[in-house]
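# Residue-level structure breakdown
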Amino acid sequence: MMKAAAALEDAPCCWLCLEEGPDASGQPLVRDCSCRGTSGFAHLSCMITNARHHGRQAVEDEGPYFELSTCFESCPNCKQLYQDNLHYEMLKALIAFVDEEFEDMEHRHLQVCSRRDTIRNVDVENEEDRSKGEAMVTKMLSVMEQLKNYDHWTMGDIKLEVSVYNAISNFYYRIETEEALNKSKLYEEMARDLFRKVGDEGGATIAERNIAAAEVKLSGDESKLDAIFNLDCLRERYEKLLTELGETDTITIDAGVTFARRLADECHAIEAERLLTKLVTTSRRVHGPNHSCTVYATTIFQNWCSVRGVVVKGEGDRIFEALRYENNGEMCVVEGPFLADGTRNRSEDRTLTVPSTDIIPAPGMPVVCIGLEGGEAHLNGKHGETRAFSRENDTFVFHIYFEEKDLEPAKIEPKNLRIIFELPPPE
């Protein structure tokens with residue numbers, strides 16, 4: 001009986017109406033934020049009613065648009081953005097609220113802002129949603145023309161116009177048909193021209209990259225996209241979001257994960273692993289372990305950074321996972337091999353203990369130098385990563401790039417390298 005009573009006490013209820021189970025229309029309790037335990041659950045209808053109440057107050061107080069949008073997009077308890085379908089439903093509720101409550105010209109810009117934010121979340125694979133997205137485009141462009149004719153178009157209005165063109169461009173870019181990609185390019189060109197008009201060369205550069213991306217997709221050769229959205233571009237975007245949104249925002253974390261993946265792709269192993277470790281820790285602390293942002297970051301970390309892949313002498317070119325060193329680093333325990341598609345057949349795995357000199361780290365492996373003499377002795381104990389390899393006088397050597405930026409890259413034989421299984425804290 002005591003267990004049954006405890007279970008009833010722990011059953012979630014709507015934090016707004018305090019009722020358990022579905023609402024009057026049969027809709028269940030939902031929660032898609034960073035609340036944990038039994039907190040944060042609510043009926044969608046209750047959430048919308050609550051958001052409308054606080055949103056009306058935000059507009060009456062003449063606060064900025066984000067104070068209104070926050071009422072619909074963020075959980076009032078954990079202060080984090082709603083996710084996935086719940087986020088989309090609340091954005092649609094925001095549009096309906098603005099259209100019903102604020103038809104006057106003084107507030108007509110709210111109709112533009114609400115659609116700009118919603119169109120970024122439209123599922124373009126869904127025909128009905130895609131049709132709604134097209135309607136949002138038409139409405140935004142129509143209202144902006146009305147606003148231009150109504151009052152003097154200020155710098156703030158120009159920034160709104162740029163953000164709208166960018167959102168429309170992104171919508172069509174995701175549709176990926178030839179007609180849609182041409183529209184994406186057109187609206188990005190309009191955004192670029194406005195950036196240049198107000199002297200924002202940084203914004204114009206980003207728009208140029210987006211234009212180039214649309215052109216690449218139109219050409220059918222998407223392999224060129226990597227050159228457009230290169231490492232410097234992704235680093236710039238992540239650092240920009242850090243400044244504008246902060247390190248705990250889910251948009252910043254997702255951009256950081258994308259940046260870290262590119263770092264790993266280009267064998268910047270240590271920077272990638274440190275960044276992913278930070279992103280996973282931050283997302284888990286702020287948003288909880290089950291948040292989609294945390295799950296995504298954790299999955300990327302496990303796939304890209306947690307496995308130390310090596311080739312073992314006498315085992316062909318198959319990749320094994322290095323697990324640990326034994327006998328003061330003289331022997332290395334490995335397990336595998338991986339299959340050609342990168343997966344493992346655990347039932348057929350073998351565990352081998354081999355001389356450490358018989359393993360060759362895969363490119364992009366964190367390593368530490370040992371046993372160097374003469375002019376290279378100062379590199380002993382220094383952390384770096386394998387980025388390339390070559391043969392020097394019939395000797396196989398790795399090109400090591402060091403974490404200490406003032407150290408020049410060096411060519412080091414495998415016998416003078418040890419894998420770093422767990423990165424120490426940065427100095």
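All of the points below concern the structure found in this document.

Analysis parameters
Residues numbered from 1 in each chain as written. Predicted model: local features only at pLDDT ≥ 70, side-chain atom pairs only at ≥ 80, totals over all residues. Heavy atoms only, no water. 1 Å grid on protein atoms, 1.4 Å probe; cavity = no way out; pocket = protein on both sides within 12 Å on 5 of 7 lines; lining within 4 Å. Points joined across faces, edges and corners; volume = space filled by probe spheres on them. Helix = DSSP H or I, 4+ residues; strand = E, 2+ residues; numbered from the N terminus. Nonpolar A, V, L, I, M, F, W, Y, C, P; charged D, E, K, R; others polar. Salt bridge = Lys/Arg side-chain N within 4 Å of Asp/Glu carboxyl O. Buried < 20%, exposed > 50% of the residue type's maximum accessible area, 1.4 Å probe, protein only. Pairing = 2+ DSSP bridges. Axes fitted to C-alpha atoms, helices over the stretch in contact; angles between N-to-C directions. Contact = heavy atoms within 4.5 Å. Phe/Tyr/Trp six-rings, centres within 6.5 Å; stacked < 30°, edge-to-face > 60°. Core = buried A, V, L, I, M, F, W, Y, C linked by side-chain atoms within 4.5 Å.

Computed from the structure, the second largest pocket encloses a volume of approximately 360 Å³. Taken together, 17 residues line the second largest pocket, and the ones lying closest to its centre are Asn-303, Trp-304, Val-307, Pro-363 and Gly-364. Listed by contribution, the elements that provide at least two residues to the lining of the second largest pocket are helix H12 (250-265), helix H13 (269-287) and helix H14 (292-304). Per-class residue counts for the lining of the second largest pocket are 11 nonpolar, 3 polar and 3 charged.

What follows concerns the pattern of salt bridges. In this structure the tally under the stated criterion is 33 salt bridges. Its salt-bridge partner being Glu-100, residue Arg-52 comes within 2.8 Å of it at the nearest N-O pair. Of this pair, Arg-52 sits in helix H2 (residues 44-60) while Glu-100 is found in helix H4 (residues 84-101), placing the two residues 48 residues apart along the sequence. Judged by its relative accessible area of 18%, Arg-52 is buried. Close ionic contact of Glu-128 with Lys-132 constitutes a salt bridge, the shortest N to O distance being 3.7 Å. Taken as a pair, Glu-128 and Lys-132 lie in helix H6 (residues 127-150) at a separation of 4 residues, close to a single helical turn. In this structure Lys-132 comes out as partly exposed when scored by relative accessible area, which is 32%. Connected via shared salt-bridge partners are Glu-321, Glu-335, Arg-344, Arg-346 and Asp-349.

Take the sheet that holds strand E11 (residues 410-412) next. The strand order E11-E10-E9-E8-E12 describes an open sheet built from 5 strands, whose pairing is antiparallel. Only two strands of the sheet have a single partner each, and these edge strands are E11 and strand E12 (417-419). Strand-to-strand twist of the sheet, defined as the mean angle between neighbouring strand axes without regard to direction, takes the value 50 degrees. Contacting strand E8 (366-369) and strand E9 (383-392), H13 runs over the sheet at an angle of about 155 degrees to E9.

Further remarks concern the packing of aromatic side chains. In total, this model carries 10 aromatic pairs according to the counting rule given. Here the aromatic rings of Phe-97 and Phe-102 are separated by 5.6 Å at their centres, their planes lie at 80 degrees, and the arrangement is edge-to-face. Just as Phe-97 is buried, Phe-102 falls in that class too. Both rings, one in Phe-396 and one in Phe-398, keep their centres 5.5 Å apart while their planes meet at 85 degrees; by these two values the pair is edge-to-face. Accessibility expressed as a relative area gives 21% for Phe-396, which makes it partly exposed. When its relative accessible area of 1% is taken as the criterion, Phe-398 is described as buried. By the ring-pair criterion, three or more aromatic residues cluster together here, those being Tyr-165, Phe-171, Tyr-172 and Tyr-187.

Moving on, we get to the nonpolar core. Nonpolar side chains tend toward joint burial in soluble globular proteins. Judged by nonpolar contacts, the single largest core of 57 residues is most densely connected at Leu-68, Phe-72, Ile-119, Phe-171 and Tyr-172. Those elements giving two or more residues to this core turn out to be H2, helix H3 (65-73), H4, helix H5 (109-119), H6, helix H7 (155-175), helix H8 (178-197) and helix H9 (201-219). The element contributing the most residues to this core is H7, with 10 residues. Not counting residues within four places of it along the chain, the set of residues in contact with Tyr-172 comprises Glu-134, Val-137, Ala-180, Leu-181, Lys-183, Ser-184 and Tyr-187.

The next point concerns the sheet that holds strand E3 (residues 309-312). Spatially, E6-E5-E4-E3-E7 is the arrangement adopted by the 5 strands of the open sheet, whose pairing is antiparallel. Pairing within the sheet leaves two strands with one partner each, and these edge strands are strand E6 (350-355) and strand E7 (359-361). Here the strands of the sheet are splayed against their neighbours by 45 degrees on average, with no regard to which way each runs. As defined by bridge partners, strand E4 (residues 319-326) adjoins strand E5 (residues 331-336) across 5 bridges and the pair is classed as antiparallel. Paired with Glu-321 across the two strands is Glu-335, which belongs to E5.

Attention now moves to the pairing of strand E10 (residues 395-402). Sheet topology places E9 next to E10; 8 bridges connect them, and they run antiparallel. Bridge pairing in E10 links Glu-392 to Thr-395. Linkage of E9 to E10, two consecutive antiparallel strands, is achieved through a turn of 2 residues, within which Asn-393 is found at a positive phi near 55 degrees. Of the pairings in the sheet, the one linking E10 to E11 comprises 3 bridges and is antiparallel in character. Bridge pairing links Phe-398 to Ile-412 in E11.

The side-chain alternation of E8 yields two buried faces, one formed by Pro-366 and Val-368 and the other by Val-367 and Cys-369. Pairing geometry for E8 and E12, over 3 bridges, is antiparallel. Looking across to E12, one finds that Cys-369 is bridged to Leu-417.

The amide bond that connects Gly-336 to the next residue, Pro-337, takes the cis arrangement and shows omega of 10 degrees. Looking at the element boundaries, Pro-337 is found in the loop between E5 and E6. Its identity is not glycine, yet Leu-18 carries a phi of approximately 70 degrees, on the positive side. Within the secondary structure, Leu-18 is located in the loop between helix H1 (2-10) and strand E1 (29-30). With relative accessibility at 60%, the residue Leu-18 sits in the exposed group.

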